[in-house]
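The lines below spell out each chain.
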Amino acid sequence: MTAIKGVNKHQEEVVLVPTRCFPDQPPAHTLEPSHAPGPAAMASKQAPLCGLAPRCLWLLGVVLLVDVSARPANHSSARERAANREQNEILPPDHLNGVKLEMDGHLNKDFHQEVFLGKDVDGFEEDAEPRRSRRKLMVIFSKVDVNTDRRISAKEMQRWIMEKTAEHFQEAVKENRVHFRAVDPDGDGRVSWDEYKVKFLASKGHDEREVADAIRNNAELKVDEETQEVLENLKDRWYQADNPPADLLLTEDEFLSFLHPEHSRGMLKFMVKEIVRDLDQDGDKQLSLPEFVSLPVGTVENQQGQDVDDSWVRDRRKEFEELIDSNHDGIVTPEELENYMDPMNEFNALNEAKQMIAIADENQNHHLEPEEVLKYSEFFTGSKLMDYARSVHEEF
């Protein structure tokens, strides 16, 4: 299965805002005459001519700085970002919030943060003011702690995980509404494969009118091999999202299944089938532990690379043995993998809740307390918040 490229969710978009240098400084040509050397100074042999050099260089610097600040910032980057946004609107994302496996079969490293923070998953920046972040984390703690005993139980965490997962789904629904309109040019509430194909190739740099004409006239489209492979994968998914009776036209709900297969039972089965197909080495349509942990990460060139690979294999082994292989027979069937990946599976949510508590449960009472959540904040939020023990009483 070829991973369909999208905008990585960890990628930060930087927008450069032009600012004036020396905002209080008037333009060079409006300087008062007194700033310039007078006739007497020009005539004086005691005022060296070289004294003009620093003043002229300063004026030149002001002119150049003002000129640079007035230019539009980073034209090419802005165009690339716009193109990426447009492409991301119509491509199924590589990353699915609140789902344990990525589309390419890799573990979702941010899963615990996504199901703990919900749509606020990007709200804890490393450079944020620590006290404010600690307070925000304690507000979340209070919401999870339904019975207000200042301890989070597995049941309370399970309820919270389900609620945050539902938040991600609602965000997907909202985004889908916007994206569907982008690919439904005639506004009839249905999108054909050809309509989608035109928009997709336009997002890849092809002329939209030329592509539409070629498709209408059944002419051959000149696309590179990688784009052609992506198109074939997208077409398979398109047909899977087309609910019976199949008409090859997707409604807004079917388009949601196309973009977010994790929330459609039929599409979830299709996604699992693709992952098993890619990892299954002996063709038995199920996964053994060696098959699940042998997905290559890259060539190991040094000890640091070996450590990364060892950690990667260790994480996958733990996930396979403790969570995916539910009957512990050493084999993962498509049904087991589907249950594991289903974001709305309450049994899985309870298992995840217990696992999350175990990570930070230092006093081994099977509950999470404020000090523990603050100490292990990096696990829950992605940010390490210092001075947790001293600040917990301030924040509560």
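Residues take numbers from 1 onward in each chain, read along the sequence in its written order. This being a predicted model, a pLDDT of at least 70 is required before a residue's local features are given, and a value of 80 or more before pairs of side-chain atoms are given or counted; all residues contribute to the totals for chains, interfaces and linings. Calculated side-chain values reflect all of the structure's heavy atoms, with hydrogen atoms and water omitted.

(A) Quick look at the side chain of K164. In this structure, K164 sits in helix α6 (residues 154–183). Within the structure, the side chain of K164 is placed 2.6 Å from the side chain of E167, a separation counted as a polar contact. Once you skip the residues sitting within four places of it in the chain, K164 turns out to touch E114, V115, F116, L117 and G118. A run of DSSP states H or I qualifies as a helix once it reaches four residues; a run of E qualifies as a strand once it reaches two. Both are numbered from the N-terminal end. Any pair of N or O atoms that falls within 3.5 Å is considered a polar contact. Within protein, one atom must be able to donate a hydrogen and the other to accept it, and sequence-neighbouring residues count only if both atoms are side-chain atoms. We call two residues contacting when some pair of their heavy atoms lies within 4.5 Å.

(B) Expanded view of helix α5 (residues 130–144). A helix's residues, less one, multiplied by 1.5 Å, set its expected span. Between its first and last C-alpha, α5 extends 21 Å over 15 residues, near the 21 Å set by a 1.5 Å rise per residue. Think of it in three bands: with a 1.4 Å probe and only protein chains considered, a residue is buried below 20% of the maximum accessible area for its type, exposed above 50%, and partly exposed in between. What α5 keeps buried is the set S133, R134, L137, M138, I140, F141 and V144. The arc that holds the buried residues of α5, viewed along the axis, is 155°, so those residues lie on one side. Residues R132 and K143 are exposed on α5 and point more than 90 degrees away from its buried face. When we speak of the arc, we mean the arc of directions from the helix axis to the C-beta atoms.

(C) Here's a closer look at the packing of helix α7 (residues 193–203) against helix α8 (residues 208–216). Two numbers describe how α7 lies on α8: the axes approach to 9 Å, and their chain directions differ by 145°. As for the relative orientation of α7 and α8, their crossing is right-handed in sense. Where α7 abuts α8, its residues D194, K197, V198, K199, L201 and A202 lie against E208, V211, A212 and I215. Each residue gets one of three labels, nonpolar for Ala, Val, Leu, Ile, Met, Phe, Trp, Tyr, Cys and Pro, charged for Asp, Glu, Lys and Arg, and polar for the others, Gly among them. Taken together, the residues that form the contact of α7 with α8 break down as six nonpolar, no polar and four charged. Here, axes are lines fitted to C-alpha atoms. For helices the fit covers the stretch in contact, and angles between N-to-C directions go from 0 to 180 degrees. Each helix crossing is assigned a hand: it is left-handed if the near helix lies turned anticlockwise from the far helix by less than a right angle, otherwise right-handed if that turn is clockwise.

(D) Just unusual backbone geometry, in detail. Residue P245 follows P244 across a cis peptide bond; omega there is -5°. Among the structural elements, P245 can be located in the loop between α9 (225–241) and β2 (249–250). Backbone geometry places T148, a non-glycine residue, at a positive phi of 55°. Residue placement: T148 occurs in the loop between α5 and α6.

(E) The arrangement of the packing of aromatic side chains in detail. The pairing test for Phe, Tyr and Trp rings, Trp by its six-membered ring, is centres within 6.5 Å, and the orientation test on the planes gives stacked under 30 degrees, edge-to-face over 60, and tilted for anything in between. Taken as a whole and judged by the stated rule, the model has twelve aromatic pairs. With a centroid separation of 6.3 Å and an interplanar angle of 65°, the aromatic rings of Y196 and F255 are classed as edge-to-face. Placement of Y196 in helix α7 and of F255 in helix α10 (residues 252–259) is noted, with a sequence separation of 59 residues between them. Centre to centre, the rings of W238 and F255 are 6.4 Å apart; their planes meet at 75°, and the pair counts as edge-to-face. Of this pair, W238 sits in helix α9 while F255 is found in helix α10, placing the two residues 17 residues apart along the sequence. Residue class for W238 comes out buried when judged on its relative accessible area of 0%. For F255, a relative accessible area of 0% corresponds to the buried category. In this structure an aromatic cluster arises from ring pairing among F180, W193, Y196, W238, F255 and F258. Residue placement shows K136 over the ring face of F124; its charged tip is 5.0 Å from the ring centre. Our definition puts a charge over a ring when NZ of Lys or CZ of Arg is within 6 Å of the ring centre and also within 35 degrees of the ring normal. One Lys or Arg, R316, reaches over the ring of F292 and ends 4.1 Å from the middle of that ring.

(F) Looking closely at the pattern of salt bridges. What counts as a salt bridge is simple: a side-chain nitrogen of Lys or Arg found within 4 Å of a carboxyl oxygen of Asp or Glu. Counted according to the given criterion, the structure contains 18 salt bridges. A salt bridge links K269 to E338, with the nearest nitrogen and oxygen atoms 3.3 Å apart. Taken together, the residues K269 in helix α11 (residues 265–279) and E338 in helix α14 (residues 334–341) connect sequence positions 69 residues apart. Assessed through its relative accessible area of 8%, E338 is described here as buried. Linked by salt bridges that have partners in common, R265, K269, E338 and D342 make up one network.

(G) Local environment of α9. Taking 1.5 Å per residue, 17 residues should reach 24 Å; α9 reaches 25 Å between its end C-alpha atoms and fits that length. Residues of α9 that are buried include every one of T227, V230, L231, N233, L234, R237, W238 and A241, and no others. Taken together, the buried residues of α9 touch β1 (191–192), α7, β2, α10 and α11. Regarding α9, its N-cap is D224, as a side-chain oxygen of that residue lies 3.1 Å from the backbone nitrogen of E226 further along.

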